[in-house]
Structures are given as structure tokens and as C-alpha cells.
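Take a look at the letters that make up each chain.
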Amino acid sequence: MANTLKINKIENFLYGKAPSVVRCGREVEIGAGQVIPEINFTLPMMTIDDKNWCEVIKQYEEIIDGVLKRAVRLEVPQLLVEFETLPEMTNRPQWGLEITRLLADKMDRCYRDYGLKSALRLTINDVREFNRPPLMRSGKYWGNLCGILEGSAEAGADLIAIESTGGKEIGDEALVNCDVGASIFALGVLGARDMEFLWNHITDYCNRTGVVPSGDSACGFANTAMVLAEQNMIPRVFAAIVRVISVPRSLVAIRQGAKGPTKDCAYEGPYLKAIAGVPISMEGKSAACAHLSPVGNVSQAVCDCWSNESTQNIRMLSANAPTVSMEQLAYDCRLMNVAASEGIESIIRLRDWLSESDSPLDPQAYVLKPEIVLEISERIIAQDNPYEQSLEAARSATEVLKRDSREGKVKIKENELKWLDMIEQQLETLPEDEEQLIEQMLQRPEFRGKFLPAEYGI
Amino acid sequence: MADMKDLADAIIKGDMKTAVEVTKKALDEGVEPQKVLNDGLVAGMGVIGKRFKANEVYIPEVLIAARAMKSAMEVLEPKLTEAGVEPVGKALIGTVQGDLHDIGKNLVIMMLKGNGFEVVDAGVDVSPDAFVEKARSSGAKLIGLSALLTTTMPAMEKTIQALRNAGVEAKIMIGGAPITQAYSDKIQADGYAPDAASAVDLAMDLVVA
Ligand code: B12
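Residues numbered from 1 in each chain as written. Chains lettered and ligands numbered in written order. Predicted model: local features only at pLDDT ≥ 70, side-chain atom pairs only at ≥ 80, totals over all residues. Heavy atoms only, no water.

Observations concerning the overall build of chain B
Stated precisely, the cut-off is as follows: Helix and strand definitions here come from DSSP, where helices need a minimum of 4 consecutive H or I residues and strands a minimum of 2 consecutive E residues; each element is numbered from the N-terminal end. Residue exposure (1.4 Å probe, protein chains only): buried if accessible area is under 20% of the type maximum, exposed if over 50%, otherwise partly exposed. Every residue pair with non-hydrogen atoms within 4.5 Å of one another is taken to be in contact. Areas reported as accessible are Shrake-Rupley estimates using a 1.4 Å probe. Residue values count occlusion only from the protein chains shown.
Helix and strand counts for chain B come out as nine helices and five strands. Reading chain B from its N end, one meets helices and strands in the order α-α-α-α-β-α-β-α-β-α-β-α-β-α. Over its C-alpha atoms, taken along the principal directions, chain B stretches across nearly 55 × 35 × 25 Å. Looking at the 209 residues of chain B, the share that counts as buried comes to 54%. Here the analysis covers contacts within chain B between residues at least 6 apart in sequence; of these, 72% occur between residues at least 24 apart. Per element, the accessible surface of chain B, about 9400 Å² overall, is 52% carbon and sulfur.

Points about the coordination of the cobalt atom of the ligand
Filter applied, for reference: Here a donor is an N, O or S atom found within 2.8 Å of the metal, or within 3.2 Å if the metal is Na, K or Ca; sites may look incomplete because water is not among the atoms.
Counting protein donors around the cobalt atom of the ligand gives one, H101(B) (NE2), at 2.3 Å. Along the chain, H101(B) falls in the loop between β1 (89-96) and α5 (103-114).

Notes on the interface of chain A and chain B
Where interface size is quoted, it is often the accessible area lost as the parts come together. To be explicit about the condition: A quick way to say it: buried area is the sum, across both parts, of accessible area lost when two parts are put together, with a 1.4 Å probe. In what follows, salt bridge is the name for a side-chain nitrogen of Lys or Arg lying within 4 Å of a carboxyl oxygen of Asp or Glu. Distance and chemistry together define a polar contact, namely a pair of N or O atoms within 3.5 Å, with one atom able to donate a hydrogen and the other to accept it when in protein, and with adjacent residues in sequence counting only for side-chain atoms on both sides.
At the junction of the two partners, chain A supplies 28 residues and chain B supplies 24 residues. Carbon and sulfur atoms make up 60% of the surface buried where chain A meets chain B, a total of about 2300 Å² over both sides. Among the salt bridges present, the one from D102(B) reaches R132(A), with a minimum N-O distance of 2.9 Å. For the interface between chain A and chain B, the tally reads eleven residue pairs in polar contact (both at pLDDT 80 or more). Contributing elements (two or more residues each) for the side of chain A that touches chain B: α2 (87-91), α5 (168-176), α7 (219-230) and α15 (414-428) of chain A.

What about the site of the ligand?
Note the threshold: Nearness is defined per residue: one heavy atom within 4 Å of the molecule or strand is enough. Under the grouping applied here, Gly and all other residues not named as nonpolar or charged are polar, the nonpolar ones being Ala, Val, Leu, Ile, Met, Phe, Trp, Tyr, Cys and Pro and the charged ones Asp, Glu, Lys and Arg.
Near the ligand you find 46 residues, and of these N125(A), D172(A), H101(B), D102(B) and T150(B) are the closest. Each of chains A and B places residues next to the ligand. Contacts to the ligand include D172(A), whose side-chain N or O atom sits 2.6 Å from a nitrogen atom. A distance of 3.3 Å is found between a nitrogen atom of the ligand and a backbone nitrogen or oxygen belonging to A290(A). Elements with a minimum of two residues in the shell around the ligand: α5 and α7 of chain A together with α5, β3 (142-146), β4 (171-175) and α9 (196-208) of chain B. Residue composition of the shell around the ligand, grouped by class: 21 nonpolar, 16 polar and nine charged.

What about the domain arrangement of chain B?
All names here are of chain B. Put simply, the test is: Domains are outlined according to an automatic or database domain assignment.
The domain architecture assigned to chain B consists of domain 1 (4-82) and domain 2 (89-208). Each side of the interface is counted separately: domain 1 has eight residues, and domain 2 has eight residues. When domain 1 packs against domain 2, the two sides together hide about 650 Å² of surface, and 81% of this comes from carbon and sulfur. The tally of links from domain 1 across to domain 2 stands at one salt bridge. Across the pair K53 and D201 runs a salt bridge whose closest N-O atoms are separated by 3.3 Å. Every element with two or more residues in the side of domain 1 that touches domain 2 is listed here: α3 (33-53) and α4 (59-82). No other element matches α4, which puts five residues into the side of domain 1 that touches domain 2. Here the side of domain 1 that touches domain 2 is composed, by residue class, of seven nonpolar, no polar and one charged.

Side note on the sheet that holds β3(B)
To summarise the sheet geometry, strands pair through backbone hydrogen bonds and adopt either a parallel or an antiparallel arrangement. All names here are of chain B. Test applied: Pairing between two strands is assigned when DSSP locates at least 2 bridges connecting them.
Pairing is parallel across the open sheet formed by five strands, whose spatial order is β2-β1-β3-β4-β5. Both edges of this open sheet fall to β2 (117-126) and β5 (191-192), since each of them pairs with a single strand only. Of the pairings in the sheet, the one linking β4 to β5 comprises two bridges and is parallel in character. The residue of β5 that forms the bridge with M173 is G191.

Some words on unusual backbone geometry
All names here are of chain A. Note that the residue after R132, namely P133, is joined by a cis bond; omega there is -5 degrees. One can find P133 in the loop between β5 (117-125) and α4 (139-155). The step from G260 to P261 runs through a cis peptide bond, and the omega angle for that step is -5 degrees. Within the secondary structure, P261 is located in the loop between α8 (236-255) and α9 (269-276). Of note, E27 is a non-glycine position whose phi angle comes to about 60 degrees, a positive value. We note that E75 has phi near 55 degrees; this positive angle belongs to a residue other than glycine.

See the structure below:
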């Protein structure tokens, strides 16, 4: 990847606008000036099996009918719909594809009848870890994953995404132990290698069919860290550093040809936008239905799509939850787009309000502050490979947090400050050379048998 | 004289070497294994557990203490068995069929172990039949089921039915982000806990009471 940032000036780091625009679906343009709502939903408590399948279909029908009707009523100019498969629907690809078709047909009809511009993102859930240790490149689960991918164009998907989990075998353990070396190994070595393999495969399919390869997410690592920090299991500073460590891994998808918008749950998005120029989808306050976070506003500051992450199809006082989310997102986006129509000063003012309302309060919010994103991105891309980049990501995030907490720019709890020192000490012991780190990690008894090195080309 | 307070402190600090040394010394000096366990190891873990509940320390520190305890337990366990001391209880914990989320489950296991439970980890994606089989072979008095997906919650009910139909009498507790007390009542589990620390209290209530 080129060693210059695609966005290197803070006045060019704006919501709704990305250096590379993605055009897809029914006249949708992402990153061309408007922030677009991305609606996501899931099933309420129910079993997915043959007996229940009609009921499952009915649920998705009810969801999409409600969502589209609301979008039309609120005159949403463009809409992104994300369908994330549940494990049963990946493991039986025809199920996942049947729902994809159903959603696409409804969206087509709505475009014809009401002119609602829309695109459908199919996010495949990574089922490879049903084998433990997982087989990443062969076997039944890899076959299922390919099965749904290969039917996606015909089923009407406009964009493909995945939340891949390569390296998570080590990632979980690394998180609960606040082991920064193991986190870098999980994300920057194992994760990055798996992404290269996986995204090569995905973009190859997309090139043949015209489906847009959108992006991946380090959800299983960095959002797990965020949830753990919210539960006071691990220090927030560690979760913030893991977020930044996840950047080089997610960049691999883009290097392999992913075009964006990056996944909503990939809060590393602002880094990807600054470095690679792709449009990004983000989530925050309007995703509180899915999980709590300390980054509800700052996550919106430079987004191109704005998502609710996910909500179950359950009844609220007004309507079903996905319809409620649709309404919230529509209003969020309206506000941003009206501000944008007044010109760049207004965009910057709103962006900075969003950023300033969160970033001094939590280190995880601070590392998403646009100025900090640019500063750290610059340092990340000065490195050559994902390992070196991840190491640099960890170093610079730690340094910035220490520096700016001293200056009172970000609040860090008293009992977390010592963790910054401990993380810094851990970082000093890590080798500059990837091979050496691999060697060290392979020696560690607790990791033995957890993952298969050959599946990562090691 | 081996001091049980030194042992508890070693656990709190996660000082594995000292924990093992003091345990050995105490046993050599003829201190009762039960006393070493309760006044040294469990007391130390108790302090860490309280600090964790009060948000003074984080899980990594609890894990370090737990590892020190584990090493000391390796020395102590044969003596406990000789003396006929039983663990607080034996538990079997797993994530239900179709579900791979296991961080929460693993934390529950860790906290139970730290409080003197013997725990069999059934793993993830565990079918009702596999739960029945593992319940039988382990003889666990307490079974814990974890689920994080709305679409795998029904597997909890199926598992409970399968266990009951097979005549397994162990107490059953459930947990995971989407689970509620109401759901637990509905599927007739014996209890629900919202987090790992309260899971320990619940486990104590269920098996010790
Ligand atoms: C981390 C995570 C993952 C990781 C899992 C890593 C792992 N090894 O576990 C990965 C990335 C692999 C993953 C995958 C998926 N996930 Co997920 N995941 C999460 C996330 C962000 C956090 C879960 C977590 O680890 N929390 C931290 C732990 C410590 O908390 P906990 O699990 O709640 O456990 C505590 C208590 O509940 C309790 N407890 C837990 N178990 C037990 C058991 C007993 C007996 C007791 C007493 C107590 C107890 O004690 C614990 C400690 O205090 C949640 C978000 C959320 N709101 O929970 C989504 C979430 C659960 N996942 C979700 C989804 C959809 C998926 C996927 C289908 C995604 C996809 N399309 O790719 C797959 C499914 C994989 C599968 N077959 O299970 C959805 C579920 C939606 C639904 N329909 O229910 C959620 C809610 C995210 C969302 N908002 O959309 N996920």
C-alpha cells in the first residue's frame, strides 16, 4: 500500500465524503456527499430448523416490509440494508440465499413503486470455528462459506462482507490476560494472513460477478475487548489499544480489493478511511439496541453510512424494533445531510461536536477522534507489513494515550494508568521481526493445540 | 512456621513460587490440608474476588491469582483426597448447541474454580445428548448452560428437558447476555445469574444449601 494517507488533512476528513466512492444496487452512491442509513436486524428468540423455516421467512418478510415502508414514509433518499446470516443459514447456504432473494425482491419492488434507492449487503458469518481448532482453508465449514458466497450474486446481493475470525483462537485468551504481544500475534500475524487468503477468494468471486466486495471487521477482537471493558473485565486503555492494533488486519481486505463501505461494527473504520480512502459504515448511539459503547457520538464523526448494528424483531410500543431503528437512523442522517448542505464549515462543526462530546471521556473514544486517527495512521503506514504495522499501532496508541492523559485531554481512570506502563513494558519486549514473534508464540504451552499453524501458512 | 496469611498474600499477588513453597512447607509442618485450602488459598482468592467486584482490579489480575492457586492446588490436592476432603462441588459448564460464544462461559468457569469448585468444561456447541452424557460421566452436581444468541436460547430448554428426561438430578443454572430470570423460570432452570461473580453466589446457593 502506498505510504501516504488518502486523507491527510483534518479539513478533508469529513462525514459523507470519501476519496473513493462506491456505486452499487439501485442507484446508491456511498461516500459521494450524503450519509446513508444502514439498517440491520435479526430474529427474535426462535429455533431455525426445517419445521420452523416458514416462520423464519415470515419474520424476515415482516421486518423488511416494516423497514421499507418507514423509509419511504420518511423520504429516505438512499438506504443500505444489511443481512447478516446466522450460523444455520451459512451452514445451509440455500437458506441464507433464500432470505437474500426475499429481501432483494422486496427492495426491487420498493424501488419500482416508490423510487427508494437501495442496496443489499450480505454479510456472511464465519462458521469455520465450528471446528476447533478451526480449518481455515478446507473442510465442510469452508465449503459452506464458499457455497453462500457463490450464490450471492444470483440471490440479489449487491455487496459482500464478512466478519472473519482468523486468529481468534489466540485473540480471546490474549484479551482476558491483557497480553498485548498475543493480541498482535492474533491480529497482525494470524488474522492478517487469513484475511489475505480469504479476501483474495472473495474479490476473485466479486470480479467475476460484479458484486461489490465491501469489507471485514475485527469485531471478534476489538468489539469483544470493548464489551469486556464495559463490563469492567479489562481496562479501557487496553480495549482502546486493541482497537488500533486491529487496523492493519482490516486493511488487508482493502489491499486484496475490498472497496468499502467497511463493516458497521468495524469501529476501526476512520483509520481505514484515512489510510485507504474507502467509505465507511459506522455505528454508535443508535446501535445501543445491540450493545452499549463509550463511543456513541465520536463513531459518527466521519462516517459515510450509519448503522444500528442489529436488533431483534420484537414489538415496541410504536412498531417492531427494526422499524424503530429505521426511523432513528433516518433522522440521524437527515440532520447530518442538512448540515452538509450548508457547506464544509457546518460539516466540520457537527463533526467536531460529535467528536468532542465523547473523546475526552474515554480512551476508546479518544483513539477515534479524527485528529488522533490521522496522527496514528501516519505512523502505521510508515511500516511495511501487517506485523510491523500492528506493533507500531500498539506503540503509538499507548504513547498518545499517555501523553494526552498527562495533558488532561483524555480522562483515564487512576487504576488504569499503571496498565499503560505495563503495556508499554510488554511492547518493549516484542521483537521487530515477525518470524521471531511467531517462534515465541509457537513455544507458548497455553497456545499449543489451539490453532493449526499450517492453516495460516506458518 | 508456615503462615496462612503469607499464603493468602501470595495468591493475591499471583506469586506462584511463594504460593507453592508455603503450601509445601505448611503440609510438611503438619498443617491440615483443609486449613491450607480455606485459610490460605480460598481466602486469598476471596480477597481478589472482592476487589474485582469493587472494580479495583481486572480479570487479568484475577487470572494471575487463579494460576497461583492452581499451582498450589497441584501440591495440595493429593493430601486433600487422602484426608477425604471433597471439593465444594463439581460443576459441568458448556455453551449450548449452535453457539460458539465462550468468553463469558470461560470466565464463569474461572471464578467457580477460584472458589473451590471442581469444574468440567464441556466446550462449545454442545448438543443436549452430549450434555446428558457428560453429566453422567462427570457426576457433576451442578450444570451450567451458556447461550449468547437469541436463536440458540431454545437449545437451553431442549437441553434441560433432555437432562431431566434422562433422570439427571443435578441443579441447572443458565446465563449469557440475552438470558433473563423470566426465561430461566419459563424453562424451569434452577437459577440464572447475570455475570460471573454472581454465578458463584448462585452456584453456592444451589449446591451448598
Ligand atoms: C464477542 C462476540 C462474538 C465473538 C465470540 C468470541 C467468543 N469466543 O466467544 C465472535 C466474533 C466469534 C462472534 C460470532 C457471532 N456472533 Co457474536 N457477539 C460477541 C459480542 C460482541 C460480545 C460477547 C462477549 O464475549 N461478551 C463478554 C462476556 C464476558 O459476556 P457474556 O458472554 O455476556 O458473559 C457474561 C454473562 O452473560 C454471564 N454468563 C455467560 N455465560 C454464563 C453461563 C452461566 C451458567 C451463568 C450463570 C452466567 C453466564 O457471565 C459472563 C461473565 O460476566 C456480543 C454482543 C453482546 N451484546 O453480547 C455479540 C453477539 C452475541 N453476537 C451476535 C451474532 C449475531 C454473532 C454471529 C452470528 C455473527 C455473524 N453473523 O457473524 C456469530 C455467531 C457465532 C456462533 N455460532 O455462535 C449477536 C447476537 C444476535 C442474536 N441473534 O442473538 C450479538 C448480540 C451482537 C449483535 N448485537 O448483533 N460474536
